[in-house]
Amino acid sequence: MVEEVLTTNSKPKTTLTTRPKPVYLWSVADVQKWFSRLCGEYNNYSQNFVNHDITGRALLRMTDNSLLRMGIENNREREAIWREIVKLRLKTDIMEIKDFNVMNIYYE
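S.K.: I'd like a rundown of the packing of aromatic side chains, residues and numbers included.
M.R.: Taken as a whole and assessed by the stated rule, the structure comprises 2 aromatic pairs. Judged by centre distance (6.4 Å) and plane angle (55°), the rings of Trp34 and Phe35 are tilted. Per residue, the accessibility class of Trp34 equals that of Phe35, and both read buried. Plain terms: the ring middles of Phe35 and Phe49 are 4.8 Å apart, the flat faces sit at 40° to each other, and that makes the pair tilted. In this pair, Phe35 is assigned in helix 1 (residues 28–38) and Phe49 in helix 2 (residues 46–51), connecting sequence segments 14 residues apart.

S.K.: Break down the side chain of Asn48 for me, with residues and values.
M.R.: Structurally, Asn48 can be placed in helix 2. When neighbours within four sequence positions are excluded, Asn48 is seen to be in contact with Met70, Gly71 and Ile72.

S.K.: Account for the nonpolar core, naming residues and giving values.
M.R.: By size, the foremost hydrophobic cluster in this structure holds 20 residues, and its most contacted members are Trp34, Phe35, Phe49, Leu59, Met62, Leu67 and Ile81. Among the secondary structure elements, those contributing two or more residues to this core are helix 1, helix 3 (56–61) and helix 5 (75–107). Tallying contributions element by element places helix 5 first for this core, with 4 residues. Once residues within four sequence positions are removed from consideration, Leu59 is found in contact with Trp26, Val31, Trp34, Phe49, Ile54, Ile85, Leu88 and Arg89.

S.K.: Lay out the environment of Ala58 in plain terms, naming residues and giving numbers.
M.R.: Inspection of the secondary structure assignment puts Ala58 in helix 3. Considered as a pair, Ala58 and Ser27 are 31 residues apart in the sequence and their alpha carbons are 9.9 Å apart.

S.K.: Describe unusual backbone geometry, with residues and values.
M.R.: Although it is not a glycine, Asp53 sits at a positive phi angle of roughly 55°. Mapping Asp53 onto the fold places it in the loop between helix 2 and helix 3. Judged by its relative accessible area of 53%, Asp53 falls in the exposed class.

S.K.: Provide a residue-level description of the pattern of salt bridges, including the pertinent values.
M.R.: Taken as a whole and judged by the stated rule, the model has 4 salt bridges. Between Lys33 and Asp30 there is a salt bridge; the shortest N-O distance is 3.9 Å. Within this pair, Lys33 and its partner Asp30 are both found in helix 1, separated by 3 residues, close to a single helical turn. Judged by its relative accessible area of 52%, Lys33 is exposed. Between Asp64 and Arg78 there is a salt bridge, with the nearest N and O atoms lying 3.0 Å from each other.

Rules used throughout
- Here, residues in each chain are numbered from 1, in the same order as that chain's written sequence.
- In keeping with the model being predicted, local features are shown solely for residues with a pLDDT of at least 70 and side-chain atom pairs are shown and tallied solely at 80 or more, while totals for entire chains, interfaces and linings include all residues.
- As a rule here, side-chain values cover all heavy atoms of the structure and leave hydrogens and water aside.
- The aromatic pairing rule takes the rings of Phe, Tyr and Trp, using the six-membered ring of Trp, and pairs them if the centres are within 6.5 Å, calling planes under 30 degrees apart stacked, those over 60 edge-to-face and the rest tilted.
- We call a residue buried when its accessible area falls under 20% of the maximum for its residue type, exposed when it is over 50%, and partly exposed in between, using a 1.4 Å probe and counting protein chains only.
- Under the DSSP-based scheme used, a helix requires at least four consecutive residues in state H or I and a strand at least two consecutive residues in state E, with every element numbered from the N terminus.
- Two residues qualify as a contact provided that any one of their heavy atoms is within 4.5 Å of a heavy atom in the partner residue.
- Among buried residues, the Ala, Val, Leu, Ile, Met, Phe, Trp, Tyr and Cys ones that are joined through side-chain atoms within 4.5 Å form a nonpolar core.
- Salt-bridge detection follows one rule: a side-chain nitrogen of Lys or Arg within 4 Å of a carboxyl oxygen of Asp or Glu.

Right, dumping it as C-alpha cells:
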C-alpha cells in the first residue's frame, strides 16, 4: 500500500490507498476486462486472447508480430491494439519507477 498525505484545512491527513493489481499478475480474465474496456471496438478479437491464454505477463511481452500470429491481420486494428498495449507497458514501467524511488527514499 502507498501512504499518501493529503492536506485539507491546513491539517495533514494520512490515508492509505490501494494500488491496482500489477499487470504482470493479471489472469486471462483480467486481460479480458482490460481489453473490453480499452479496445472495446475490437471485441471480435477478444476470444483470440483467451484462445492463446494471454495473461498480464504475456501481454506485456507481446509485439506487433505476436498480434499478427494470433490472427489479428488488419493493420489498422492491430496497430490500435498494439498502441494500447504499449500504453499499458509504459504505465506499468512508470509505476515500478515510482516504487523504486519510494523504496530508495525509505532506505536512505
